[in-house]
Structure formats: structure tokens, C-alpha cells
Amino acid sequence: MIRAALKGMAARKARLALTSLAVVLGSAFIAAALVLTASIQSTVDDLNAESYAGSDVLVQPAAAEDGRDPLVEQGLPAETLAAVEAVPGVDRVSTTVTASVNAIGDNGKIVGGLAPTTGVNWDDESQERELREGRAPEADGEVAVSAKFAADAGLGLGENVTAYTMTTEQTEYAIVGVYGYSGGRDSMGGGTEIAFTTTEAQRLFFEGRDAYSAFAVHASDGESATGLVAALEPVVGAEAQVVTWEEFNTEANAQTAEMTKLVGNFLLGFGLVAVFVSVFLIANTFSIVIAGRLKELAMMRAVGAGRGQVVRSILVEAIVLGTVAAAVGTAVGVAGGAVLTSVIANSFFDAGNVSLSVPPTSILAALAVGIGVTVLAALVPAVRASKVPPVEAMRAAAKTDKPITALTVTGLIVTLAGGTAMTLGLTDTFSSDNANLTSTAIGAGLVFIGVTVLTAWLSKPLVGALGLLWSWNFAGRLGRRNAGRNPRRTAVTAAALMIGVTLVTATATLLTSVKASIEDYFGEAVKAELFVTGPAVSELPASFDPAVMDGIRAVDGVESAVELYYDNPKVNGEEQFVNTSTDLEGAVELFGGRMAEGSMADIGDGEIAVNQWAADNLGVGMGDTVTVEFSRGEEPHEFTIAAILVDNENTDGWYVAPTYAPEFYTIKPMMALVDVDDDADIDAVTAAVDDVLADEPEVSAQNHEEFVSQITVFFDFAIIAIQLLLGLAMIVAVIGVVNTLVLSVLERTRELGMLRAIGMTRGQIVRMVTVESVTIALFGAVLGIATGLGIGWALQHALADSGVNVFAVPTALIAGYFAAAVLVGLLAAIAPAVRASKVNILGAIAYE
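First things first, this report covers the structure right here in the doc.

Rules behind the numbers
Residues numbered from 1 in each chain as written. Predicted model: local features only at pLDDT ≥ 70, side-chain atom pairs only at ≥ 80, totals over all residues. Heavy atoms only, no water. Pairing = 2+ DSSP bridges. Helix = DSSP H or I, 4+ residues; strand = E, 2+ residues; numbered from the N terminus. Axes fitted to C-alpha atoms, helices over the stretch in contact; angles between N-to-C directions. Contact = heavy atoms within 4.5 Å. Patch = residues over 30% accessible without salt bridge, like charges linked within 9 Å, V, L, I, M, F, W, Y side chains within 5 Å. Areas by Shrake-Rupley, 256 points an atom, 1.4 Å probe, with all protein chains shown as cover. Salt bridge = Lys/Arg side-chain N within 4 Å of Asp/Glu carboxyl O. Lys, Arg positive; Asp, Glu negative; His and termini not counted. Charge placed at Lys NZ, Arg CZ, Asp CG, Glu CD. Buried < 20%, exposed > 50% of the residue type's maximum accessible area, 1.4 Å probe, protein only. Parallel < 35°, antiparallel > 145°, perpendicular 65-115°, else oblique. Core = buried A, V, L, I, M, F, W, Y, C linked by side-chain atoms within 4.5 Å. Polar contact = N/O pair within 3.5 Å; in protein donor to acceptor, adjacent residues only side chain to side chain.

A few points about the sheet that holds strand E1 (residues 57-61)
Across a sheet, strands are paired by hydrogen bonds formed along the backbone, either parallel or antiparallel in direction.
(1) Moving on: The four strands are arranged E3-E12-E1-E13 in an open sheet whose pairing can be described as antiparallel. Whereas interior strands pair on both sides, the edge strands pair on one side only; in this sheet they are strand E3 (90-96) and strand E13 (240-244). Averaged over all adjacent pairs, the angle separating strand axes in this sheet is 20°, with direction ignored.
(2) Moving on: In this sheet, strand E12 (residues 214-219) lies alongside E1 in antiparallel orientation, the contact comprising three bridges. Pairing of Val57 across the sheet is with Val217, part of E12.
(3) Moving on: Its contacts with the sheet place helix H4 (residues 78-85) against E3 and E12, and it is angled at close to 155° to E3.
(4) Moving on: On the sheet, helix H7 (residues 225-236) packs against E1, E3, E12 and E13 and is oriented at approximately 175° with respect to E13.

Next up, the structure:
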């Protein structure tokens with residue numbers, strides 16, 4: 001039986017090769033994801049190992065108990081440096097003064113984009129820097145810049161660059177040197193860097209105090225790192241922490257591991273999608289192949305083969321197919337992972353040398369998944385084939401189609417259960433919002449599963465209706481009937497596409513509804529027409545000189561303008577969001593806020609306003625006293641609650657008088673709201689405000705659409721990601737439809753010969769097969785879009801109380817899905833249609 005199975009596989013190489021492509025894809029993505037994750041981590045670990053290489057112990061500011069950045073408050077004082085240098089066993093100490101800095105390029109924009117430029121003192125030894133041009137900075141008005149900074153900024157040796165921090169004014173520096181890093185790299189981790197003298201770095205980052213970000217301690221000969229840590233700990237006190245270089249490096253590797261896992265998990269998601277949909281493809285292929293071999297299997301049963309032998313022979317085919325496909329996929333995945341590692345490492349990290357890592361788990365996982373999925377998918381068709389009586393199977397009219405009653409009943413039960421759970425959640429049956437949301441989500445999942453199971457039953461009416469689009473001629477009518485003649489086969493073929501389209505449609509619908517809800521909110525509730533702000537996602541918050549507000553207010557067409565300062569201090573020991581403005585009442589009004597008690601005009605020194613939810617969360621109310629510890633404040637402040645705001649996403653938080661702004665983390669305003677006259681030209685006012693902001697490179701004037709687009713950019717990236725997942729599902733769907741049609745053409749060889757014999761032309765045969773293919777693909781897309789829209793609607797309504805109160809349909813994307821489905825059908829029809837049109841008439845009529 002095993003020899004017969006292997007010989008049978010040799011005779012069906014083409015169709016098995018098509019089946020194996022899905023397994024190859026799944027195994028390749030899994031191997032690539034695991035290799036990429038391991039290789040990127042290994043490469044980044046190598047980069048981390050260069051940080052403070054050669055030192056034995058690191059002294060850094062201790063993490064603040066309240067979780068805030070200790071560098072904002074103090075750094076390491078010069079007294080600690082002197083104490084460290086005096087400890088026996090210390091050979092020498094190098095100092096680091098570093099923080100993010102804003103630097104302006106030749107285009108007037110901030111260099112570095114979302115990742116700001118790193119400022120550092122030239123004497124820092126955390127990295128090995130190699131001068132390529134010029135010299136090291138010697139005076140406070142001089143800097144050296146990394147080669148990547150020079151390239152990104154468009155500035156070079158002998159030119160001037162303007163740099164500043166959140167607490168300092170813009171200062172112009174002469175570029176006296178350009179440097180790179182070990183290995184010929186232009187950057188460290190892909191970032192830009194600018195090096196100052198130590199005293200200038202201290203002015204920028206520590207407000208001129210003789211303080212440092214870290215000490216790198218080199219031990220004397222014979223002194224161990226652990227022994228030096230024990231000697232240094234009592235000297236530096238509780239405000240600093242002492243770790244060995246190995247501990248420092250381990251912690252750095254652990255932090256970067258989180259980032260590399262995100263990349264790997266993203267790719268792994270693609271692999272799991274390919275594996276999941278390939279189950280349907282493989283099961284369908286084996287069902288069709290086995291249906292065509294029933295007579296062969298019946299003959300084997302008649303001459304003594306048992307049911308177990310039949311099952312084992314089919315499973316042998318599955319094991320061989322899965323092993324070969326998984327091995328090929330694993331090899332492709334390892335190669336792909338190596339290429340992706342090189343691209344990502346050099347594009348984003350400027351790694352220079354890439355450390356390729358192929359963990360055994362990547363190979364074992366890819367092989368196990370590929371083989372396991374193939375065997376699992378083949379098991380049901382194998383068992384089903386073994387149960388067919390030999391006499392029945394040998395009859396020419398043996399009925400191979402199975403009734404779909406059980407599938408239909410099961411699907412209806414699951415769908416109804418899901419619909420019930422969704423209804424309970426959407427009607428707020430349960431006492432908590434989380435319970436209602438969970439019920440809706442579980443119901444949506446059950447509906448998805450139920451509709452998937454019901455695909456065979458739904459194929460009859462839907463395929464018939466869709467086929468009417470092509471039924472204007474004889475070939476079209478035959479293609480329509482062929483698509484619906486075997487509901488089970490049609491359902492499994494369309495399932496891969498249907499599942500992918502359902503998932504992306506539901507996700508895209510929910511994300512589009514979130515964006516539409518945000519746009520609707522800003523359009524109705526927010527009175528300001530323009531927003532002066534910077535990028536929504538940036539390590540350094542954008543800020544601007546408050547003096548420009550007078551210029552903005554003077555712009556023709558501006559009715560009013562207010563600036564806003566933000567901080568994240570501790571209020572009664574808990575981190576909260578605190579705002580201030582020179583016009584608190586105007587700021588709340590322009591953001592669409594309303595007062596529940598008191599007035600913003602009453603907020604003076606020692607008084608504070610808060611929204612209702614934040615007050616309830618801390619258990620305080622009107623007249624109560626709270627303690628606030630601002631980010632840059634030396635002492636806590638006591639405030640009395642003098643006003644309470646109605647909850648509003650834009651005005652939520654705490655409000656204090658502007659006299660406290662110098663104690664905020666960012667001492668400059670981070671946003672301005674501009675109200676424009678009703679009869680003014682928004683575009684003209686925007687241009688005029690931008691002219692006022694010409695010397696403020698961090699911010700620009702944005703209208704409602706631009707501002708909302710910026711804060712919803714994450715959703716755009718998420719939608720792009722799910723389109724990639726759809727693309728993968730499309731690839732597998734093409735393979736599935738091609739496989740089904742090729743096997744169907746082989747199964748109907750005699751029928752095709754008869755059609756040709758009675759006068760059907762080759763062109764009509766091609767059109768017939770094409771109609772069948774496109775109809776199946778459209779069926780999967782229509783069912784997926786309908787199910788996805790339903791699930792998206794349910795989830796949107798479940799989140800209505802959280803602000804997602806607008807249901808929006810991604811019409812452009814859905815139109816794209818329909819077009820993609822037609823393209824899938826056309827591409828999948830090419831090979832089967834050509835094969836069918838070339839059938840030899842006499843040979844086909846005599847075909848058994």
C-alpha cells in the first residue's frame with residue numbers, strides 16, 4: 001500500500017505541487033519570523049556590547065520611586081564623581097552627559113523626525129567615535145556631528161547648526177568635526193548625534209549644573225567588577241545605582257528584545273494566517289484526489305486491503321507532501337529571514353555587520369507546523385474514503401457527493417448562538433461594560449465560525465445569483481452551473497478567501513469607524529479651527545516660544561488664540577495629566593469643554609480645576625485639598641479644588657494657574673488653539689499663522705482634517721498591515737482555486753470531450769472555466785465582506801460608550817476587495833481553462 005501510494009504521488013506531481021505551495025508559504029513565514037527575530041536580536045546584542053565596552057562598572061542615577069525621569073531632577077553631581085574616583089580599586093572614570101536635543105537642519109526642520117537627535121559630551125566613552133573630518137570640539141560654541149547627522153541635516157564641516165533643548169534658547173554652533181563609529185558606521189542604531197564640550201552639554205541638559213548622566217568606571221588591575229560594585233555602593237548613596245557592565249548589558253539586551261519580538265510576531269502572524277487557510281486548501285485537494293481514486297481504492301479493498309491500510313496509505317502521501325513542502329518552506333524562510341535581517345539591520349540600525357542566527361526552534365517549528373497541518377488536513381478525507389464500501393465505489397455511478405445537512409445544522413446552531421451573545425452584549429444585558437463587550441466579541445467570533453461552516457449551504461443561492469452576471473451566453477450559463485454543482489467543494493475552495501476578507505473587512509470597518517468618530521467629534525465639539533502643534537508621536541514633545549502668541553492673535557481673521565502647557569505630575573501620589581494656560585477659560589471653551597461646578601475664571605494660585613472622572617477616581621470633590629508634585633518642582637504644592645469640568649476627552653485632566661508653568665516638564669507651550677472668524681479664509685489664515693511660526697521648527701498650523709489625520713495615523717498603518725494579510729490570503733486563495741479547477745477539469749475530462757464533440761469551441765470552454773473561477777472567488781469575497789461588515793458593526797456599537805459612536809464603511813477598500821476577488825478568479829482560471837480547451841475529443845470520450 002505504501003509503495004502504491006508513493007507511485008500514485010509520482011503520477012500526480014503537478015497537482016501535489018500546487019497543494020504544497022500553501023504549506024511552503026506557511027512554513028516559510030514561520031521560519032523567516034523566527035530567524036529574523038533571533039538574528040535582529042543577535043545583531044542588536046552585538047551593538048549593545050559596544051556600549052561602554054572596556055569599562056567594568058556603570059554608575060547611573062537611581063530610578064525615581066515615582067517613576068519619573070531622574071535626569072530631569074538632578075543627574076549625578078560632581079561630588080559623587082569625586083567620591084567614586086577616590087575609591088580604592090578605581091583606575092579611572094569616564095563621564096557621560098547626554099539627552100535628546102533639537103537640532104535644525106538646512107531646511108529649517110528638526111533633524112531626526114520622530115526619533116530626536118542625541119546630544120552627548122565629546123569626552124563620553126559609551127561609544128567608540130572615529131573622527132573622519134576636522135577635529136574635536138574645544139570651545140562651548142563648537143560641536144562635532146555624526147556622519148548621519150551631517151547627511152540628514154544637509155550640513156557639513158565649517159557650517160553652523162542651531163541646537164536647543166526644552167529649557168534652553170536656540171544656540172548656534174560651529175561644526176568643527178564629523179565622526180563615525182567602529183566598523184565604518186555612520187550612526188549608532190540609525191540615530192543622529194551631535195557632540196558638545198562637557199560644560200556646554202551640562203548647560204543644555206542640566207541647566208548648567210556640574211552634573212552627569214553616567215560614570216563608566218575602569219577597575220585597577222586585579223580588582224573584580226563585583227568587588228568594585230560593593231565598594232562603590234556605600235559611596236554613591238541611594239540616589240545612584242551601581243551595576244557591573246555585564247548587568248548593564250543584560251538589561252540593555254532585555255529592553256531591545258521587546259522591540260525585536262514585535263517585528264517577529266508580525267511576521268509570525270502572516271505565517272499563521274497562511275497555515276490556517278492552507279488547511280482548507282489541502283483538505284479540499286485530498287478530497288478531490290481521493291474522490292477521483294475511489295475505484296482504485298475500492299480495487300485495493302477488494303483484493304484484501306483493510307480500512308486502516310487505506311487511511312495509512314493516504315496519510316503517507318500527506319506526510320511525504322508535508323515533509324517536502326515544509327523543508328522547502330523552511331529553506332526559503334531561513335534565506336528570507338537572512339535577507340530581511342540584513343535589510344532591517346542596515347536600514348534602521350546601521351548595524352554594519354549582521355549576525356545571522358538560525359535557532360533550531362525555527363527549523364523544528366516550521367517543519368512541525370508544515371507536516372502537522374498537512375497530515376491533519378488529509379486525515380478527514382482519508383477516513384471518509386476508507387468507509388466507502390468497495391462494491392459501491394466500483395460502480396460507475398458511485399455517488400461521491402456527501403449531504404451537507406449536518407454541516408448546515410451545525411452552522412446554524414453556532415451562528416444563532418453567536419447572534420444571541422452579540423444581542424445580549426449590545427443591549428447591555430450584563431451589569432458591567434466589560435462583560436457586555438466580551439459577550440459581543442465572543443458572539444462575533446461564533447458568528448464568524450458559524451458562517452464559515454454554513455458556506456456550503458450559502459453557496460447554492462449566492463453562487464446562483466452571482467452567476468447571473470455572466471449568464472448571457474451558453475458558456476456563462478455552464479460556468480455558473482459548474483460553480484454550484486458541488487456545494488461542499490465550492491465552499492472549501494472559497495473559504496480561504498472568505499476567511500481573509502472577513503478578518504480584514506471587520507478590522508478595517510472598526511478602524512474606519514474609530515477615525516470617523518474622532519473626525520465627527522472634532523467637527524462638532526471642538527470650536528477651534530486651527531491647532532498649532534508638532535508630530536503626534538515623538539520622543540521629545542514639540543514646543544514653541546510663547547512670545548509668538550501675540551503674533552498669532554494679530555493675524556487678520558484670527559478671533560482668539562490660547563496656548564496650552566502640559567505636565568504629568570503626581571496628584572495625591574498618582575500620575576495625572578495637568579494643564580495650564582494664560583487663558584484657562586478660553587482654552588476650555590475652544591476645546592468644547594463645559595463646567596459642572598465653579599468657573600475656570602476663578603482658578604488662581606493655590607486653586608485647581610479637574611474633570612469629574614478624575615476627581616471621582618481620586619475620591620475628591622469641590623473644596624477638597626490635593627497635593628501636586630510637578631516634574632521640575634522642588635517642593636510639593638497644596639491646591640484646593642475650585643472648579644469641576646464635565647467629562648470631555650479633550651478637556652479631561654487637571655488645571656492650574658499659569659504661574660506654575662516653570663515647574664512643568666516642558667516649560668514652553670506645546671499646543672495653541674486658534675479660533676478663526678466665520679467669514680475668514682481658513683487657508684489664508686493658516687498660511688499667515690505659519691509665517692508667524694517660521695522660526696519655530698517644531699510646530700506648524702494644522703486645520704481639523706490635518707490634525708485628526710495626524711492623531712489617527714496609527715489606524716492608517718494598522719489598515720495597511722491588514723491589507724498585507726489580505727494579500728497573503730489572496731495568494732493562498734489563488735492556489736486553492738487553481739487546484740480545485742485543475743482537479744475538476746481532470747475529473748470532468750469525459751464531459752469536456754462530449755461538449756467539444758457536440759460543437760462547443762475552445763473559446764467557449766475557456767470562458768466557461770473562467771466564469772466558474774470568478775464566480776467562486778466572488779462568492780468568497782461577498783460572503784467575507786458581508787460577514788466582516790456585520791462583525792465590524794457589532795464591535796462599533798459595543799464601543800459606542802467609549803467614543804466610537806459613528807459607524808463608517810470603508811467603501812474604497814471594499815471596492816478594492818471586489819476587484820481583487822475578480823482578479824483572483826481570472827488568474828486562477830488561466831491554467832485550468834487552457835488545459836480544458838486542449839482536451840483531445842476522442843481521448844476524452846474514451847476516458848474512464
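Description of a negative patch on the surface
(1) Moving on: A cluster of like negative charges, contributed by Glu519, Asp681, Asp683, Asp690, Asp691, Glu705 and Glu706, occupies part of the molecular surface.
(2) Moving on: Within the residue set of the negative patch, elements represented by two or more residues are helix H21 (682-692) and helix H22 (704-711).
(3) Moving on: Examined against the element boundaries, Glu519 turns out to sit in helix H17 (residues 487-524).
(4) Moving on: When its relative accessible area of 44% is taken as the criterion, Glu519 is described as partly exposed.

Considering a nonpolar patch on the surface
(1) Moving on: Together, Phe266, Val713, Phe714, Phe717, Ile720 and Leu724 give the surface a local cluster of nonpolar side chains, amounting to about 610 Å² of exposed area.
(2) Moving on: The dominant element in the nonpolar patch, judged by the number of residues it contributes, is helix H23 (residues 713-747), at five residues.
(3) Moving on: Following the sequence through the fold, Phe714 ends up in helix H23.
(4) Moving on: By relative accessible area, which is 56% here, Phe714 ends up exposed.

Here's the deal with the packing of H17 against helix H26 (residues 811-837)
When two helices pack together, their arrangement is given by the angle between the helix axes and the distance between those axes.
(1) Moving on: Look at H17 against H26: their axes get within 11 Å of each other, and the N-to-C directions meet at 170°. Looking at the two axes, H17 sits roughly antiparallel to H26. The segment H17 lies against H26, with Leu497, Val501, Val504, Thr505 and Ala508 engaging Leu813, Tyr817 and Ala821.

Digging into the nonpolar core
(1) Moving on: Val59, Val161, Phe196, Val217 and Leu232 are the most contacted members of the largest nonpolar core, which has 42 residues in total.
(2) Moving on: In terms of residue count, H7 provides more of this core than any other element does, five residues in total.
(3) Moving on: Ranked by size, the runner-up nonpolar core spans 37 residues in total, among them Val463, Val501, Met730 and Ile791.

A few points about the environment of His218
(1) Moving on: When you line up the elements, His218 lands in strand E12.
(2) Moving on: A distance of 3.2 Å separates a polar atom in the side chain of His218 from the backbone oxygen of Gly54.

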